[in-house]
Amino acid sequence: MAHDHEERGIALRVKALEQILTEKGLVNARAIDEFVDIYENRIGPRNGARVVARAWTDPNYRKRLLENGAAAAAELGYSGVQGEHLVVVENTEERHNLVVCTLCSCYPWPVLGLPPVWYKSPPYRARAVREPRKVLEEFGVELPAHVKIRVWDSNADMRYMVLPQQPEGTAGFSEEQLAALVTRDGMIGTALV
Amino acid sequence: MDGIHDMGGMHGFGRIEREENEPAFHADWERRVFGYANLVTFVTGHGDDQLRREIERIPPAEYLKSSYYELWHKSLISVLRELGALSDDELAAGRAFHPLPATFDPANQAQPQALWKAVHAGASQSAPGATSFGHRFRVGDRARTKETMPYGHTRLPRYARGRVCTIVAERGPFIVADRNSEKRDTTPDTLYTVEFDAQDLWATEASTGDTVLIDAWDCYLDPLDEGTAR
């Protein structure tokens, strides 16, 4: 009940602020609808999955992606807000990458969409930099000791995405088949693909 | 500032709670906040550096019990007040009573048909044309992050202050969040990506060979020969 009450309170305060901002000419409802629709329905982790699948099937694209993530993602039409300076980091047999934003919620929107709540939550932000192996275990990932972890705290203008290792037994798969295997968490680094 | 938002390394938050098939938004009011918080900037011209500063000033207990988009909503109100674009009587009534500041042009208001293009164009804080900025380090150099404790906004997390690091990439000149947030000073500085040995941050709790990386402006760093070795 307390939660319902708080929800009604914030919903009313939000409605009131939108009304004020609209009367002032700062926003309009149709633009808000469109902006929300873009991020709710049109930009999400399927974008990143296509980038990954292209990198797995095209060595030249992979090279460009690791050299300049933003430019390579833009080749597929994924660019802009919260991805202006996208950096793609590659998992290997010796190295696993994990992305976090300890200070807020920085996340590469053009390729992954909006972050899940857990990514923005205090436990993940507090623990990913300090005990990444325990965090990964909670996600069901157990890395051998010889695999070293790089934790990328996206604290400034760079936005990071992980290029997972291509799963064994998928040689000869089409780009579409490969993209279907790639998960959001695989591109954050909290899952293997 | 040394606020609750700076969580890297804190203990006591427990397990990471995940939701299967999580929706992008959990309530319609979250959609509205996400929309207006992003779109008012077309007219107001403020940015993430100002919003983050105001999120960080929310008292810790309130910060922790507020949901994500509540924090956005509250910080937007603070920034709009500061800009002279919102006042208490308006918030109390849910109606606009006062004109916008003269420097705002409502003709810049975001329109739906322009958004797909605007979203894909983005809004970089890089300063490629800058000619004067700090650039003391090269890839491979070692440095020490400053032992700073600023009251204002900074992007240097507490866990990474006063620690030895290695420069692993140069990202070019970027507006420095600290001074842009506090003073609207857009003088750029070279941004680097720097890498810490996890054991230099967390002692033996960390596994040998694991590392943590952050982005650090030139002004966040000192050459290693300044100050005492850790």
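As shown above, the structure is provided for reference.
All values reported here derive from a predicted model rather than from experimental measurement. (Residues numbered from 1 in each chain as written. Chains lettered and ligands numbered in written order. Predicted model: local features only at pLDDT ≥ 70, side-chain atom pairs only at ≥ 80, totals over all residues. Heavy atoms only, no water.)

**Student:** If you had to explain the overall build of chain A to someone new, which residues and values would you point to?
**Tutor:** Across its full length, chain A carries eleven helices and four strands. Each principal axis of the C-alpha distribution contributes one length, and for chain A these read about 55 × 35 × 30 Å. Expressed as a percentage of its 193 residues, the buried residues of chain A come to 61%. Taking the intrachain contacts of chain A between residues at least 6 apart in sequence as the baseline, contacts between residues at least 24 apart amount to 69%. A total accessible area of about 7,700 Å² is found for chain A, and carbon and sulfur atoms account for 51% of it. Chain A carries 23 positive and 26 negative side-chain charges, and their two centres are separated by 3 Å. (Helix = DSSP H or I, 4+ residues; strand = E, 2+ residues; numbered from the N terminus. Buried < 20%, exposed > 50% of the residue type's maximum accessible area, 1.4 Å probe, protein only. Contact = heavy atoms within 4.5 Å. Areas by Shrake-Rupley, 256 points an atom, 1.4 Å probe, with all protein chains shown as cover. Lys, Arg positive; Asp, Glu negative; His and termini not counted. Charge placed at Lys NZ, Arg CZ, Asp CG, Glu CD.)

**Student:** Outline the state of the cysteines, listing residues and values.
**Tutor:** What the rule picks out here adds up to zero disulfides over all chains. Cys101(A) provides the cysteine sulfur closest to Cys104(A), a residue in no disulfide bond, and the two sulfurs are 3.6 Å apart. Cys219(B) supplies the cysteine sulfur nearest to Cys165(B), a cysteine that is in no disulfide, at a spacing of 13 Å. (Disulfide = S-S within 2.5 Å.)

**Student:** Run through the interface of chain A and chain B, naming residues and quoting values.
**Tutor:** For an interface, size is often stated in terms of accessible area lost upon the parts coming together. Residue-level contacts link 78 residues of chain A with 92 residues of chain B. For the pair chain A and chain B, the summed buried area comes to about 7,500 Å², and 59% of that belongs to carbon and sulfur atoms. Broken down residue by residue, the surface that chain A buries against chain B is led by Lys24(A), Leu26(A) and Arg130(A), which jointly contribute 11%. Seen at the junction of chain A and chain B, the total is eight salt bridges. Notably, a salt bridge pairs Arg31(B) with Glu40(A), separated by 2.8 Å at the nearest N-O pair. For the side of chain A that touches chain B, the class distribution of residues is 42 nonpolar, twelve polar and 24 charged. (Buried area = accessible area lost by both parts, 1.4 Å probe. Salt bridge = Lys/Arg side-chain N within 4 Å of Asp/Glu carboxyl O. Nonpolar A, V, L, I, M, F, W, Y, C, P; charged D, E, K, R; others polar.)

**Student:** Which residues make up the nonpolar core, and what values go with them?
**Tutor:** Core analysis: the biggest nonpolar cluster contains 125 residues, and Tyr39(A), Tyr124(A), Phe34(B) and Leu221(B) have the highest contact counts within it. By residue number, the principal contributor to this core is helix 5 (residues 68-82) of chain B, which donates seven residues. For Tyr124(A), the contacting residues outside a window of four places in its chain are Leu98(A), Val99(A), Val100(A), Trp118(A), Tyr119(A), Val135(A), Ile188(A), Thr190(A) and Ile16(B). (Core = buried A, V, L, I, M, F, W, Y, C linked by side-chain atoms within 4.5 Å.)

**Student:** So what's going on with the pattern of salt bridges? Residues and values would help.
**Tutor:** Counted by the stated rule, this structure contains 32 salt bridges over all chains. Salt bridges sharing partners connect three or more residues here, namely Arg53(B), Glu54(B), Arg57(B), Glu82(B) and Glu182(B).

**Student:** So what's going on with the packing of aromatic side chains? Which residues, and what values?
**Tutor:** Inspection of every chain in the model, using the stated rule, returns 22 aromatic pairs over all chains. Look at Trp109(A) and Phe34(B): their rings are 5.8 Å apart centre to centre, the planes differ by 50°, and that puts the pair in the tilted class. Within this pair, whereas Trp109(A) is found in helix 6 (residues 109-112), its partner Phe34(B) is found in helix 1 (residues 28-39), the two belonging to separate chains. Classification of Trp109(A) as buried rests on a relative accessible area of 6%. Residue Phe34(B) is classed as buried on the basis of its relative accessible area of 0%. Members of the aromatic cluster, joined through ring pairs, are Phe35(A), Tyr39(A), Trp109(A), Phe25(B), Phe34(B), Tyr68(B), Tyr69(B) and Trp72(B). The ring of Tyr68(B) has Lys120(A) lying over it, and the distance from NZ or CZ to the ring centre is 3.8 Å. (Phe/Tyr/Trp six-rings, centres within 6.5 Å; stacked < 30°, edge-to-face > 60°. Lys NZ or Arg CZ within 6 Å of the ring centre and 35° of its normal.)

**Student:** Give a detailed account of the environment of Val193(A), specifying residues and quantitative values.
**Tutor:** Residue and element names in this part refer to chain A. Within the secondary structure, Val193 sits in the segment after helix 11 (184-188). Residue class for Val193 comes out partly exposed when judged on its relative accessible area of 25%. Counting along the chain gives 25 residues from Val193 to Glu168, while the straight-line C-alpha distance between them is 9.7 Å. When sequence neighbours within four positions are dropped, the list of residues in contact with Val193 reads Trp56, Pro164, Gln165, Pro167, Leu181, Val182, Thr183 and Gly186.

**Student:** Quick one: what's the story with the pairing of strand 4 (residues 211-217) of chain B, residue by residue and with numbers?
**Tutor:** All names here are of chain B. Burial within strand 4 is extensive, with seven of its seven residues counted as buried. Along strand 4, one buried face is formed by Thr211, Leu213, Asp215 and Trp217 and the opposite face, lined by Val212, Ile214 and Ala216, is buried too. As judged from the seven bridges shared by strand 3 (residues 188-197) and strand 4, these two strands associate in the antiparallel manner. Paired with Thr193 across the strands is Asp215, a residue of strand 4. (Pairing = 2+ DSSP bridges.)

**Student:** Lay out unusual backbone geometry with the relevant residues and their values.
**Tutor:** A positive phi angle, close to 65°, is found at Gln82(A), a residue other than glycine. Among the secondary structure elements, Gln82(A) is positioned in the loop between helix 5 (69-75) and strand 1 (86-90). Backbone geometry at Asn21(B) places phi at a positive 50°, although glycine is not the residue there. Relative to the helices and strands, Asn21(B) resides in the segment before helix 1. A relative accessible area of 76% places Asn21(B) in the exposed class.

**Student:** Explain the sheet that holds strand 5 (residues 221-223) of chain B to me, using residue names and the numbers behind them.
**Tutor:** Sheet architecture is open: seven strands sit in the order 2(A)-3(A)-4(B)-3(B)-2(B)-1(B)-5(B), paired in mixed fashion. Strands at the two margins of the open sheet, each flanked by one partner only, are strand 2 (95-100) of chain A together with strand 5 of chain B. For this sheet the average axis-to-axis angle between neighbouring strands, irrespective of direction, equals 35°. Two elements, strand 2 of chain A and strand 3 (residues 148-153) of chain A, share six bridges in a ladder whose sense is parallel. What sits directly across from Arg95(A), in strand 3 of chain A, is Lys148(A). (Axes fitted to C-alpha atoms, helices over the stretch in contact; angles between N-to-C directions.)

**Student:** Quick one: what's the story with helix 2 (residues 29-42) of chain A, residue by residue and with numbers?
**Tutor:** Look at helix 2 of chain A: 19 Å from first C-alpha to last across 14 residues, which is about the 20 Å you get at 1.5 Å a residue. Among the residues of helix 2 of chain A, Ala31(A), Ile32(A), Glu34(A), Phe35(A), Val36(A), Ile38(A) and Tyr39(A) are the ones counted as buried. (Expected span 1.5 Å × (residues − 1).)

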